[in-house]
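Structural overview
Here is what each chain is made of, one letter per residue.
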Amino acid sequence: MHPSAHDVEAPSLLEALRSGTAQLHVALEKRLPFFSPRLDADWYGRLLAAYYGFYNPMESRLYDSALIPVGFDQTLRVKTPTLHSDLIALGLANPAIVALPLCPSLPPLGTPAACLGVLYVLEGATLGGQVLRREMARRLALDTSNGGAFLNVYGAETGRRWKDFLDYLGHVPLDDLGRQQAADAACATFRCFEQWLDSQEVLL
């Protein structure tokens, strides 16, 4: 049986995203403080506030762009409300959350392919969250009720939703330029996120 065009395209888009972001991904992971012996509840709270400051404008711009290729269920996958409820659980009042600084420098989102690149980073983070969730439960006694819900945003659905997302990626027809736009946007997302977290002084 000959593979269909989609079967041929799917790994190449995913491969472009994976290989294009690998170095930036590893560099950011090394600077995140989740496994630092110095991480305490206060640092975790500041880190989560910084995540909110990135995800809030990022998701707003992404979902308002009307450029996400059809088939992505954003109501199922939006993460800002979970960050908001975590911050409430950690003791921040709503006015304080509204007053949190928001990231002013976001990746460009001018094409459907660029949207896919950003989504790849945001969706991929949910897998890493599973490891972080266990560490935060052990170290800071955090769970979904007291400030750790974002790290387990999809719960038992995490693996399936990632597979569904990869399947979705594989069915968006992109040419070489599109794949490059997606990879560039994914890289820009990592860079913007790291620079933002750095500016908020929450990284190692």
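- As named in an unreviewed UniProt entry, the protein is Biliverdin-producing heme oxygenase, taken from Pseudomonas hygromyciniae.

1. Quick look at the layout of surface pockets
- For the largest pocket, the calculated volume is near 640 Å³.
- As for the largest pocket, its lining consists of 33 residues, of which H25, E29, G124, A125 and G128 are closest to the centre.
- Mapped onto the lining of the largest pocket, the elements with two or more residues apiece are helix 1 (5-31), helix 2 (41-64), helix 6 (112-140), helix 7 (158-170) and helix 8 (176-199).
- If you tally residues by element for the lining of the largest pocket, the top one is helix 6, at 12 residues.
- Here the lining of the largest pocket is composed, by residue class, of 21 nonpolar, 9 polar and 3 charged.

2. Digging into unusual backbone geometry
- You will see that A66, though not glycine, has its phi angle at about 60°, which is positive.
- On the secondary structure map, A66 appears in the loop between helix 2 and helix 3 (74-77).
- You can call A66 exposed: its relative accessible area is 73%.

3. So, the side chain of E194
- Position of E194 among the secondary structure elements: in helix 8.
- Ignoring any residue separated from it by four or fewer positions in sequence, one finds E194 in contact with L28, R31 and L203.

4. A few points about the pattern of salt bridges
- Under the criterion given, the structure shown has 10 salt bridges.
- For R139, the salt bridge goes to E135, with nearest N and O atoms at 3.0 Å. On the criterion of helical spacing, the pair formed by R139 and E135 is a turn pair, its members being 4 residues apart in helix 6.
- Its relative accessible area of 27% is what places R139 among the partly exposed residues.
- Judged by relative accessible area, which is 11%, E135 ranks as buried.
- Taking the shortest distance from any N to any O, the salt bridge between D164 and R160 comes out at 3.2 Å. Placement of the pair is D164 and R160 together in helix 7, with a separation of 4 residues, close to one helical turn.

5. As for the packing of aromatic side chains
- The final tally for this structure, using the stated rule, is 14 aromatic pairs.
- Both rings, one in F72 and one in Y168, keep their centres 5.8 Å apart while their planes meet at 45°; by these two values the pair is tilted. In this pair, F72 is assigned in the loop between helix 2 and helix 3 and Y168 in helix 7, connecting sequence segments 96 residues apart. Neither F72 nor Y168 differs from the other in exposure class; each is buried.
- Through a chain of ring-to-ring contacts, the aromatic side chains of F34, Y51, F54, Y55, F150 and F193 assemble into a single cluster.
- Over the ring of Y154 we find R161; its NZ or CZ atom is 4.6 Å from the centre of that ring.

6. Here we look at the side chain of D86
- Residue position: D86 is located in helix 4 (residues 80-89).
- Despite its burial, D86 pairs with no opposite charge; the closest candidate is R133, at 11 Å N-O.
- Excluding its chain neighbours within four sequence positions, the residues that come into contact with D86 are L48, T144, G147, G148, A149 and F150.

7. Digging into the nonpolar core
- Counting residues in hydrophobic clusters, the biggest one holds 59 residues, and the most contacted among them are F34, Y51, F54, L62, Y120 and L197.
- Listed by contribution, the elements that provide at least two residues to this core are helix 1, helix 2, helix 4, helix 6, helix 7 and helix 8.
- The leading source of residues in this core is helix 2, at 13 residues.
- Those residues in contact with L62 that lie beyond four places of it in its chain are I68, L109, C115, V118, L119 and L122.

About the criteria used
Residues numbered from 1 in each chain as written. Predicted model: local features only at pLDDT ≥ 70, side-chain atom pairs only at ≥ 80, totals over all residues. Heavy atoms only, no water. 1 Å grid on protein atoms, 1.4 Å probe; cavity = no way out; pocket = protein on both sides within 12 Å on 5 of 7 lines; lining within 4 Å. Points joined across faces, edges and corners; volume = space filled by probe spheres on them. Helix = DSSP H or I, 4+ residues; strand = E, 2+ residues; numbered from the N terminus. Nonpolar A, V, L, I, M, F, W, Y, C, P; charged D, E, K, R; others polar. Buried < 20%, exposed > 50% of the residue type's maximum accessible area, 1.4 Å probe, protein only. Contact = heavy atoms within 4.5 Å. Salt bridge = Lys/Arg side-chain N within 4 Å of Asp/Glu carboxyl O. Phe/Tyr/Trp six-rings, centres within 6.5 Å; stacked < 30°, edge-to-face > 60°. Lys NZ or Arg CZ within 6 Å of the ring centre and 35° of its normal. Lys, Arg positive; Asp, Glu negative; His and termini not counted. Core = buried A, V, L, I, M, F, W, Y, C linked by side-chain atoms within 4.5 Å.

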